[in-house]
Amino acid sequence: MSNAPPSPSPLIIPEGFTLHTENTSHILISSKDEAFLNPVQEFNRDLSVACIRTWSEQFDGEKEAKWGQAQERRARRERGGDRKGQKKMKGGYHPYKFILLEALSATGLRSIRYAKEIPLVRYVIANDLSSSATAAMKRNIDLNEEKSRTGSGKVRINEGDACALMYEHRSEKNRVDVVDLDPYGTAAPFIDAAVQCVNDGGLLCVTCTDLSVLATTNYPEKCYSNYGGIPVKAEYCHEAALRLVLNTISTSAGRYGRYIQPLLSLSIDFYVRIFVRIHSAPIEVKKAASKTATYYICAGCQSFYEQPLGRIIEKVHEKSGNVNHQFKTQVGPPVPQRCPECDSPFHVAGPMWSSDIHDHKFVSKVLDHLEEHQELYGTATRMKGMLTVAKEASKCPFLCSLELDTPFYFTPSKIAGFFHSMCPPLDDVASALLHAGHQVSRSHACPGSLKTSGTRQDVHDVFRSWVKKHPVRMDKISEHSPARQLLSKEPRAEANFSRHPQSVTQSSKVKLVRYQQNPTPHWGPGTKADSGTKRKRDDEDAE
């Protein structure tokens, strides 16, 4: 007699619904648009599963290390005969199971995937304000054979305001370990509540799809009201968008004695996706001002000049060796009224986050996880490509093995346009900068882009040397064009365009899918579901 397990019963699809399958999860999509789902966001969901799973293993390792240290202290006390205040430990260490709150769940697909695909999940709180969305969630949870009643099962449904729910969890004993904010539009209204309800060392995942506000200067007043900063009008506007959101999270956390540790910050398609850890430490909060800056952006050549808001002076005590920090204001401005490179006026952008946007050890762990479990993710190829750019696998001391955290990237084609010259090959520009002693990396945010530790003047000197070998027709350039100002200056040193041995990065050697190709005609953020319930500040965003 065969002992093989019975085959699963076929899924029954009710009339008026279509079945959507993503990895091992299934949901029913109503023809009435009861809850919003964008299939193109599968990459976002895959990336989130991988990052949260990697964080959970790291967090569990930290808990286990603390448990081991407590055991060692207890053993020392027992050997010394001091049994005061001891607690008897039974058995060994038990893996830490974490609680995840998805504030805006819609169909519940993301919560279902988290519950099914992340081993260390204790349970997921799936919240939505819309009654039709919570009904869709229950239907989809039942479809995936997950219990949906409060107090049982791995996915627990809550119908209510997202901010109110997170404020209910802001007391230390009620905090959750992970909060995921994936709204339609801006996450700004939810960030203050989110940074308060995450445990120390916990993870905050934020999506913002309002790039028409964050990455253009069409709505500077809206960007300021949502994110407390003015956006950038330049080719690197998408990196600036990331830094504006990071600064919003940082300033919100700082009000409560907390600070952020960015793990992974990506500009993807029509949105930004950010993963940060939230910690509590007053001394780190004091450092936030020195990690924040405004930028003077040239309207002509897009050169940028950083104006930090604060600075830190470190003093080492001669006898003890302790380091004392003094926090001071920063002098400025760093530039005259007009651009030194092309004599064009400046625009002010920010304040925004000016420090690291990735934790490269964490990115390496996510990549390792992806290599071991590639079959678990439908978008694994693109995940590998984008993460590899964020963390280049190179050992060269000059070609940065990681995406440089210094703002901002540039593309040779754009700079060549400013000079009205032929565009040099990407490797030639990278080689010239490497020969000059600067670090160089790729940027995940834009195809054909480079980041460098050199200044924009250093980049322009490379192009001035290029123009000497590939002359520009000056009769075609207007007398008042910024290009004339750029070309009128001599390079401080002749660039060496010979191929640098480390100019080709690992992600360039291997054919990787780093940037999204259009999956469907007219694709994008999609249309918001007609739930019949108005969300807080839903329609304020300029989409």
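Computed from a predicted model, the values in this text were never measured in an experiment. (Residues numbered from 1 in each chain as written. Predicted model: local features only at pLDDT ≥ 70, side-chain atom pairs only at ≥ 80, totals over all residues. Heavy atoms only, no water.)

Colleague: Where do I start with unusual backbone geometry in this structure?
Modeller: Keep in mind that most residues, glycine aside, have a negative phi and that most peptide bonds are trans. Here the amide bond leading from Gly332 into Pro333 is cis, since omega sits at -5 degrees, within 30 degrees of zero. With respect to the secondary-structure elements, Pro333 resides in the loop between strand S13 (323-329) and strand S14 (346-353). One non-glycine residue, Asn23, lies in the positive phi region at around 60 degrees. Positionally, Asn23 belongs in the loop between strand S1 (17-22) and strand S2 (25-30). (Helix = DSSP H or I, 4+ residues; strand = E, 2+ residues; numbered from the N terminus.)

Colleague: Please clarify how the environment of Val467 should be interpreted in this entry.
Modeller: Within the fold, Val467 resides in helix H14 (residues 456-469). Sequence separation of Val467 and Phe419 is 48 residues, and the distance between their C-alpha atoms is 8.3 Å. Apart from residues lying up to four places away in sequence, Val467 is in contact with Phe419, Ser421, Val472 and Leu487. (Contact = heavy atoms within 4.5 Å.)

Colleague: I'm lost on the state of the cysteines in this one. Help?
Modeller: Structurally, a disulfide amounts to a covalent bond that connects the sulfur atoms of two cysteines. Under the criterion given, the structure shown has zero disulfides. Cys446 takes part in no disulfide bond, and the closest cysteine sulfur, belonging to Cys237, lies 8.8 Å away. (Disulfide = S-S within 2.5 Å.)

Colleague: How do you make sense of the pattern of salt bridges when you look at a structure like this?
Modeller: A side chain with one charge may pair with a side chain of the opposite charge, provided their charged atoms come close. The final tally for this structure, using the stated rule, is 28 salt bridges. In this structure, the salt-bridge partner of Asp200 is Arg258, at a minimum N-O distance of 2.7 Å. Within this pair, whereas Asp200 is found in strand S7 (residues 198-208), its partner Arg258 is found in strand S8 (residues 258-268), the two being separated by 58 residues in sequence. A salt bridge links Lys451 to Glu403; its shortest N-O distance comes to 3.9 Å. With Lys451 in strand S16 (residues 450-452) and Glu403 in the loop between helix H11 (380-390) and helix H12 (412-419), this residue pair connects regions lying 48 residues apart in the sequence. When salt bridges with common partners are traced through the structure, they connect Glu22, Arg45, Asp46, Arg113 and Glu117 into a single cluster. (Salt bridge = Lys/Arg side-chain N within 4 Å of Asp/Glu carboxyl O.)

Colleague: In this structure, what is going on with the packing of aromatic side chains? I would like to understand it.
Modeller: Centre-to-centre distance and the angle between the planes together describe a pair of aromatic rings. All told, the structure shown has 13 aromatic pairs when counted by the stated rule. Seen from their ring centres, Phe59 and Tyr96 are 5.6 Å apart, and the 80 degrees between their planes marks the pair as edge-to-face. Here Phe59 is found in helix H1 (residues 42-79), whereas its partner Tyr96 is found in the loop between H1 and strand S3 (98-102), with 37 residues between them in sequence. Relative accessible area serves as the criterion here: at 5%, Phe59 is assigned to the buried category. The exposure class of Tyr96 is partly exposed, given its relative accessible area of 25%. Judged by centre distance (5.1 Å) and plane angle (85 degrees), the ring pair of Phe304 and Phe408 falls under edge-to-face. One end of the pair, Phe304, is in strand S11 (residues 304-308); the other, Phe408, is in the loop between H11 and H12, with 104 residues separating them in the sequence. Taking relative accessible area as the criterion, Phe304 reaches 18% and is therefore assigned buried. Through a chain of ring-to-ring contacts, three or more aromatic side chains come together here, namely Trp55, Phe59, Tyr96 and Phe98. Lying over the aromatic face of Phe43, Arg382 brings its terminal NZ or CZ to 4.4 Å of the ring centre. (Phe/Tyr/Trp six-rings, centres within 6.5 Å; stacked < 30°, edge-to-face > 60°. Buried < 20%, exposed > 50% of the residue type's maximum accessible area, 1.4 Å probe, protein only. Lys NZ or Arg CZ within 6 Å of the ring centre and 35° of its normal.)

Colleague: Help me understand the nonpolar core in this model?
Modeller: Counting 60 residues, the largest nonpolar core has Met166, Val179, Leu181, Leu204, Leu214, Val245 and Ile249 as its most contacted members. Broken down by element, the residue count for this core peaks at nine residues, all from helix H8 (residues 237-254). Discounting chain neighbours no more than four positions away, the residues touching Val179 are Leu101, Met166, Ala194, Cys197, Val198, Leu203, Leu204 and Cys205. Judged by nonpolar contacts, the second largest core, of 46 residues, contains Val40, Val363, Val366 and Leu370. (Core = buried A, V, L, I, M, F, W, Y, C linked by side-chain atoms within 4.5 Å.)

Colleague: Would you explain the side chain of Arg258 in this entry?
Modeller: Taking the relative accessible area as the measure of exposure, Arg258 reaches 2% and is therefore buried. Not counting residues up to four positions away in its chain, the partners in contact with Arg258 are Arg175, Val195, Gln196, Val198, Asn199, Asp200, Ala253, Ile278, His279, Ser280 and Val285.

Colleague: Can you walk me through the sheet that holds strand S10 (residues 292-298) in this structure?
Modeller: By definition, the strands of a sheet pair up through backbone hydrogen bonds, in either a parallel or an antiparallel sense. Read across the open sheet, the three strands follow the order S11-S10-S14; overall the sheet is antiparallel. Of all the strands in the sheet, just S11 and S14 have a single pairing partner and so form its edges. Here the strands of the sheet are splayed against their neighbours by 25 degrees on average, with no regard to which way each runs. The sheet contact formed by S10 and S14 spans six bridges and is antiparallel. Within S14, the position partnered with Tyr295 by the bridge is Ala349. Along the sheet face, H8 touches S10 and S14 and points at about 50 degrees away from the line of S14. (Pairing = 2+ DSSP bridges. Axes fitted to C-alpha atoms, helices over the stretch in contact; angles between N-to-C directions.)

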